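What follows is the residue order along each chain.
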Amino acid sequence: MKSHYSKEIIEHFLHPKHLGKIKNASGVGDTENLRCGDVMRIYIKVKKEKGKEIIEDVKFETLGCAAAVAASDMICELAKGKTLEKALTVGYKNISSKLGDLPPMKVHCAQLAQTGLKMAIEDYQKKKRQ
Amino acid sequence: MAKIYLDYAATTPVDPNVLKAMSPYFKKDFGNPSSIHGFGQKALGAVDEAREKLANFLGCDATEIVFTGSATEANNLAIFGLVGKGDHIITSQIEHHAVLEPCQILEKRGVEVTYLPVTKEGLVDPDQVKKAIRPNTVLVSIMYANNEIGTVQPVAEIGQFLKSKAQNPKPKIYFHTDAVQAVNYLDCNVKNLGVDLLTISSHKIYGPKGVGSLFVRKGVPLKPIIYGGGHERGLRSGTENVAGVVGLGQAVEEIQNPKLKIQNIRIRQLRDKIIKRITKIIPDSRLNGSPKLRLPNNINISFKGVEGEALVIALDQKGIAVSTGSACSSKSLKPSHVLLALGLSQEQAHGSLRISLGKFTTEKEIEKFLKVLPSVVKRLREISGYK
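Residues numbered from 1 in each chain as written. Chains lettered and ligands numbered in written order. Predicted model: local features only at pLDDT ≥ 70, side-chain atom pairs only at ≥ 80, totals over all residues.

**Some remarks on the overall build of chain A**
Secondary structure assignment for chain A yields 5 helices and 3 strands. Its helices and strands in sequence order give chain A the pattern α-β-β-β-α-α-α-α, from N to C terminus. What you see for chain A is a C-alpha radius of gyration of 14 Å, in line with the 14 Å of a compact globule of 130 residues. The C-alpha extent of chain A, read off along each of the three principal axes, is 50 × 30 × 25 Å. Counting over 130 residues, chain A shows a buried share of 47%. (Helix = DSSP H or I, 4+ residues; strand = E, 2+ residues; numbered from the N terminus. Rg over C-alpha atoms; globule rule 2.2 N^0.38 Å. Buried ≥ 20, exposed ≤ 12 C-beta atoms within 10 Å, placed from the backbone.)

Quick look at the structure:
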């Protein structure tokens with residue numbers, strides 16, 4: 001019997017590893033899906049290492065469905081330890097496939113997570129310029 | 001882990017007596033009621049008997065019962081079968097999609113539709129129905145009890161007014177009610193309600209899925225929407241779902257069992273206990289709909305800082321089945337039109353939970369649910385960063 005959500009989605013929803021806030025975050029990305037109303041916040045902590053900017057830590061808070069929570073946790077997992085450029089290449093399809101495929105109706109949750117990370121990185125870069 | 005089902009407004013399990021009544025008509029007595037031989041006549045007799053049972057329950061004549069493939073079809077038949085270009089329909093903003101969508105389609109075909117607003121508690125004001133009447137109004141369709149928030153509408157009051165209006169001969173305004181959620185709990189006598197058309201679903205009353213019924217008062221100029229054989233006095237062609245119809249008849253008979261009255265009081269008490277406990281122990285929770293004019297089995301509560309679909313999935317992981325009006329759970333990604341019509345914000349609708357009880361719900365199950373729910377809400381509030 002096929003269930004709506006994969007085991008991976010349920011696991012990341014029930015036991016997210018990257019849930020929470022980062023105090024003095026380097027960047028914060030707030031994003032909202034205007035259609036369904038899900039709200040997501042991604043925090044990143046950036047460190048410089050050998051001239052490269054690396055995402056040292058990344059956390060999230062999400063008011064949304066099980067898929068949105070799982071996608072939030074997954075984008076954090078995929079972004080952690082990556083350079084900013086590399087993290088920006090993580091697409092919603094990567095998130096979805098890592099979660100054992102989101103149901104078609106829920107792909108927008110992965111897009112929301114992708115946007116959330118992008119906005120956190122943009123926030124960091126904006127702060128850096130100031 | 002025993003699963004706990006608290007979603008009786010979505011569907012109900014088939015009652016053992018219903019299943020027993022149905023079983024001969026799959027194999028042994030499989031005849032087509034239109035056949036004139038013995039096999040057919042036996043099936044026809046069973047369909048007629050079920051029709052009598054429904055007529056008895058509704059206080060109408062057996063010839064006024066039309067069996068359909070679902071309550072959705074019955075609603076479609078009531079609306080499309082009666083209304084044409086240039087006509088006017090009065091309905092409410094909180095009807096089931098099976099009423100709203102036919103109305104929306106008719107609007108595109110030159111029919112005027114008034115969608116009456118409801119009060120904060122989800123009630124239609126009968127005065128607004130009166131005020132909405134136009135010279136070309138042919139149909140008023142107001143549901144008996146709402147499927148999401150359980151609000152019971154003043155159907156008899158509206159029916160009485162429309163009947164008095166009917167003294168004035170032209171044009172006659174027909175009154176339809178979708179009684180799907182009401183049948184288990186409320187008086188459905190069509191004379192008391194003053195309705196001309198009434199929709200029933202089988203699978204909401206411990207009958208099988210795939211069968212519904214429309215009461216059509218004698219003289220209502222209804223046209224069919226399905227053609228080909230002239231079954232159901234020409235109003236619904238297609239070989240009767242004999243076992244299903246028998247099941248519906250038996251389900252209606254079970255409802256008339258006097259024991260059910262006590263059963264319903266028990267359900268109402270469980271409902272009140274759930275509402276009281278949840279709103280007391282979970283901060284930022286509020287009841288949606290009316291505290292008083294409410295089906296005995298319906299609870300609808302919004303939690304701030306929680307998304308309903310996530311809540312349903314998390315509870316499902318704990319073996320508890322409930323429902324939500326959240327956008328995330330709908331195919332359209334829109335929050336419940338019913339909750340929005342009450343004036344709830346998108347966020348409040350987002351965090352709504354519907355708990356619907358039934359005759360197999362036990363006190364023990366409710367205790368378990370009430371034990372699990374607060375921790376699940378708390379956890380989801382951690383995830384959303386709420387407070």
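**A word on the environment of Gly319(B)**
All names here are of chain B. Its location among the elements puts Gly 319 in the loop between α10 (308-317) and β11 (320-321). Taking the C-alpha atoms as reference points, Gly 319 and Lys 131, 188 residues apart in sequence, are found 48 Å from one another. If we ignore the near neighbours within four places in the chain, the residues touching Gly 319 are Met 1, Lys 3 and Ile 4. (Contact = placed C-beta atoms within 7 Å.)

**Notes on the domain arrangement of chain B**
All names here are of chain B. Each assigned domain of chain B is listed with its residue range as follows: domain 1 (16-255) and domain 2 (258-384). Taken together, the contact pairs 18 residues of domain 1 with 19 residues of domain 2. Classifying every residue of the side of domain 1 that touches domain 2 gives 9 nonpolar, 6 polar and 3 charged. (Domains from an automatic or database assignment. Nonpolar A, V, L, I, M, F, W, Y, C, P; charged D, E, K, R; others polar.)

**Looking at helix α3 (residues 71-80) of chain B**
All names here are of chain B. Counting buried positions along α3 yields 9 of 10 residues, so the element is predominantly enclosed. Buried within α3 we find Ala 71, Thr 72, Glu 73, Ala 74, Asn 75, Asn 76, Leu 77, Ala 78 and Ile 79. Considering only its buried residues, α3 is in contact with β2 (65-68), α4 (97-108), β5 (137-141), β6 (174-178), β7 (197-201) and β8 (212-216).

**With respect to the sheet that holds strand β2 (residues 39-49) of chain A**
Residue and element names in this part refer to chain A. Read from one edge of the open sheet, 3 strands run β1-β2-β3, paired in antiparallel fashion. The sheet is open, and its two borders are formed by β1 (27-32) and β3 (52-63), each paired with just one other strand. Neighbouring strand axes in the sheet, compared pairwise and without regard to direction, differ in orientation by 20 degrees on average. Strand contacts of helix α2 (residues 66-79): β2 and β3, with the helix running at about 170 degrees to β3, the strand carrying the most contacts. (Pairing = 2+ DSSP bridges. Axes fitted to C-alpha atoms, helices over the stretch in contact; angles between N-to-C directions.)

**A few points about the pairing of β2(B)**
Residues and elements named next belong to chain B. Of the two faces of β2, the one lined by Ile 65 and Phe 67 and the one lined by Val 66 and Thr 68 are each fully buried. Pairing analysis gives 4 bridges linking β2 to β8, with the strands arranged antiparallel. Pairing of Ile 65 across the sheet is with Phe 215, part of β8.

**Focus on the nonpolar core**
One finds Val140(B), Phe215(B) and Val246(B) to be the most contacted residues of the largest nonpolar core, which totals 82 residues. Residues within four places of Val246(B) in sequence aside, it is in contact with Ala21(B), Met22(B), Tyr25(B), Ala46(B) and Ala50(B). In terms of nonpolar packing, the next biggest core, distinct from the first, is built from 72 residues, Tyr5(A), Cys36(A), Leu102(A) and Ala120(A) among them. (Core = buried A, V, L, I, M, F, W, Y, C linked by C-beta atoms within 7 Å.)

**Brief notes about the packing of α10(B) against helix α13 (residues 363-384) of chain B**
Packed helices, taken two at a time, are described by the angle their axes make and the gap between the axes. Residues and elements named next belong to chain B. Where α10 contacts α13, the two axes come as close as 10 Å, and the packing angle between them is 130 degrees. Here α10 is positioned oblique relative to α13, judged by the angle of their axes. For α10 against α13, the interelement crossing comes out right-handed. Contacts between α10 and α13 pair Ala 310, Leu 311, Ala 314 and Leu 315 from the former with Val 372, Val 376 and Leu 380 from the latter. (Parallel < 35°, antiparallel > 145°, perpendicular 65-115°, else oblique. Left-handed = near helix turned anticlockwise from the far one by under 90°.)

**Quick word on the sheet that holds strand β9 (residues 285-287) of chain B**
All names here are of chain B. Strand order in the open sheet formed by 3 strands is β9-β10-β12, and the pairing between neighbours is antiparallel. At either end of the open sheet lies a strand with only one pairing partner, and these are β9 and β12 (352-356). The average undirected angle you get between the axes of adjacent strands in this sheet is 25 degrees. Of the strand pairs in this sheet, strand β10 (residues 298-303) and β12 are connected by 5 bridges, and their pairing is antiparallel. The residue bridging Asn 300 from the neighbouring strand is Arg 354, located in β12.

**Description of the interface of chain A and chain B**
Interfaces are frequently sized by the accessible area removed from exposure as the parts join. Taken together, the contacts link 18 residues of chain A with 17 residues of chain B. Secondary-structure elements contributing two or more residues to the side of chain A that touches chain B are α1 (7-14), β3 and α2 of chain A. For the side of chain A that touches chain B, the per-class residue count stands at 10 nonpolar, 3 polar and 5 charged.

**Examining the environment of Gln250(B)**
All names here are of chain B. With respect to the helices, strands and loops of the structure, Gln 250 is situated in helix α8 (residues 242-255). Note on Gln 250: 24 C-beta atoms within 10 Å, which makes it buried. Each residue touching Gln 250, except ones within four places of it in the same chain, is listed here: Asn 17, Val 18 and Ala 21.

**With respect to the environment of Lys98(A)**
All names here are of chain A. Inspection of the secondary structure assignment puts Lys 98 in helix α4 (residues 92-98). The exposure class assigned to Lys 98 is partly exposed, which follows from the 19 C-beta atoms found within 10 Å. Along the backbone, Lys 98 and Met 74 are 24 residues apart, and their C-alpha atoms lie at a distance of 7.6 Å. Sequence-distant contacts of Lys 98, that is, excluding residues within four places in its chain, are made with Met 74 and Leu 78.

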